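Here's the letter readout for the chains.
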Amino acid sequence: MSTKKQNIATIVFFLILIFGTTIWTLISPKKEFSERENRALAVLPAPAVERCFSGKFEKDYETYLTDQFPWRDGWIGMKTAIEKASFKTETKDIYFAKEDYLIEAHSRSFRSPQANANIGYLKSFMETCVEKYGKDHVTAMVVPNAVDILKDLLPKHADPYDEEVYLKSIADAMPQGTWFDSGSVLREHMDIQLYYRTDHHWTTEAAYYVYAAWALEQGLSPLALSDYTKETVTEDFYGTIDAKVGGKNKSDAIHVYKTKKKAKYQVTYVAKNETADDIYQYDYLNTRDKYSIYFGGNQSLVEVKTNSKSKRKLLVVQDSYAHCFIPFTFHDFSEVDFVDLRYYNESLKEYMEKGDYTDVLFLYNAAGFAEDSSLIKLGN
């Protein structure tokens, strides 16, 4: 074949590839929600004149094409498979670790202006709480991520930012006696699975051991693990990290623990104005987002009354790491309310004044804490 014909063939091939893919994208059925990634997908933006000149339309259209690209999940999975086959040790800031773990590096989380600002917001909040409730009833708990606790599973040449440096800076900023070192507790239980292989959350067992240690420090009497009945609700859990890398990864099991002694709860989902008598929402086991079996996932504000004989009442300011931790508190508090500032848009200060609380717990995971732009609401 002559050089001219080769050039023509190459041009035709790429024209077919470009225009064919565009046409395929345009005619393919559009999805509004990605169950795999548990998020809404971009929709076709309206081509307004102002948006076109500002560049907003082009940017939104690029996001739309990325989200609605045909066979998107398949391409992501294929890319991951190729990277693993070529002995790459990471992709998208995620390490391919030992024992089938996918571990997020969080390499850009802890050095940002947001990460530093959040320490200041929490410091001010904790100081205010200490004045009102006393340091023995106020706790800041920022839980290390898998990249810190499971360092031994990382690839040989992995070089993640040392999360412990950031955690120490948080601890040093807290009022004396209010910081709880959950990392030390986790390191005492390296013989159990502390984190899910394909998700950013810690396991229910990890949450229990941290809760038990914290409760003892608070002068409470936590139940032993043997006082609970362990229920495996699924062995087919694929989490948020799996959604980012795609491909075929090893599934996880989710366990819940129910007290052997019958407990009663009145759960109120304030924003929805709904009540329930069970903390678990089993319908989520039929979806990809199985971790939302705990309280139906992220909620702005949930209030739980228990049949505990305790006179103490707990407020938890939290992210989703607290969801599997909170059920263990019901033995030791007569009421446990928890608020997620990412979704709560009322005044936290006013809500706390009405609550008549005896104890306050701030519970986040380290990367979530560093990245959360809503923590400025701690002062509202």
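Quick note: structure is the one above.
Residues numbered from 1 in each chain as written. Predicted model: local features only at pLDDT ≥ 70, side-chain atom pairs only at ≥ 80, totals over all residues. Heavy atoms only, no water.

## Section: the packing of helix H5 (residues 113-133) against helix H11 (residues 348-355)
Thought 1: Contact geometry of H5 with H11 gives a least axis separation of 13 Å together with a crossing angle of 20°. Classified by the interaxial angle, the pair formed by H5 and H11 is roughly parallel. In terms of crossing hand, the pair formed by H5 and H11 is right-handed. On H11, the residues touching Phe 125, Cys 129, Lys 132 and Tyr 133 of H5 are Leu 348, Met 352 and Glu 353.
Thought 2: Taken together, the residues of the contact of H5 with H11 sort by class into five nonpolar, no polar and two charged. (Axes fitted to C-alpha atoms, helices over the stretch in contact; angles between N-to-C directions. Helix = DSSP H or I, 4+ residues; strand = E, 2+ residues; numbered from the N terminus. Parallel < 35°, antiparallel > 145°, perpendicular 65-115°, else oblique. Left-handed = near helix turned anticlockwise from the far one by under 90°. Contact = heavy atoms within 4.5 Å. Nonpolar A, V, L, I, M, F, W, Y, C, P; charged D, E, K, R; others polar.)

## Section: the packing of aromatic side chains
Thought 1: For the coordinates displayed, the defined rule picks out 28 aromatic pairs.
Thought 2: Seen from their ring centres, Trp 202 and Phe 325 are 6.4 Å apart, and the 5° between their planes marks the pair as stacked. Residue Trp 202 is located in the loop between helix H8 (182-187) and helix H9 (204-217), and its partner Phe 325 is located in the loop between strand E12 (313-318) and strand E13 (335-339); the two are separated by 123 residues in the primary sequence.
Thought 3: Seen in terms of ring centroids, Tyr 208 and Phe 328 are 5.3 Å apart; in terms of plane orientation they differ by 70°. Their pairing is edge-to-face. Highlighted residues: Tyr 208 in helix H9 and Phe 328 in the loop between E12 and E13, separated in sequence by 120 residues. For the pair Tyr 208 and Phe 328, one class covers both residues: buried.
Thought 4: Feature note: the residues Trp 202, Tyr 208, Tyr 209, Tyr 211, Trp 214, Tyr 228, Tyr 257, Tyr 321, Phe 325, Phe 328 and Phe 333 constitute an aromatic cluster, connected by ring pairs.
Thought 5: Just above the ring of Tyr 269 sits the side chain of Lys 272; from NZ or CZ to the centre is 5.8 Å.
Thought 6: Sitting over the ring of Tyr 357, Lys 313 keeps its end group 5.1 Å from the ring centre. (Phe/Tyr/Trp six-rings, centres within 6.5 Å; stacked < 30°, edge-to-face > 60°. Buried < 20%, exposed > 50% of the residue type's maximum accessible area, 1.4 Å probe, protein only. Lys NZ or Arg CZ within 6 Å of the ring centre and 35° of its normal.)

## Remarks on the pairing of E12
Thought 1: The element E12 is extensively covered by neighbouring structure, given that six of its six residues are classed as buried.
Thought 2: Residues Lys 313, Leu 315 and Val 317 point to one face of E12 and Leu 314, Val 316 and Gln 318 to the other, with burial holding for every one of them.
Thought 3: Pairing between E12 and E13: five bridges, direction parallel. Paired with Val 316 across the bridge in E13 is Phe 338.
Thought 4: By the bridge criterion, five bridges tie E12 to strand E14 (residues 359-365) in an arrangement that is parallel. (Pairing = 2+ DSSP bridges.)

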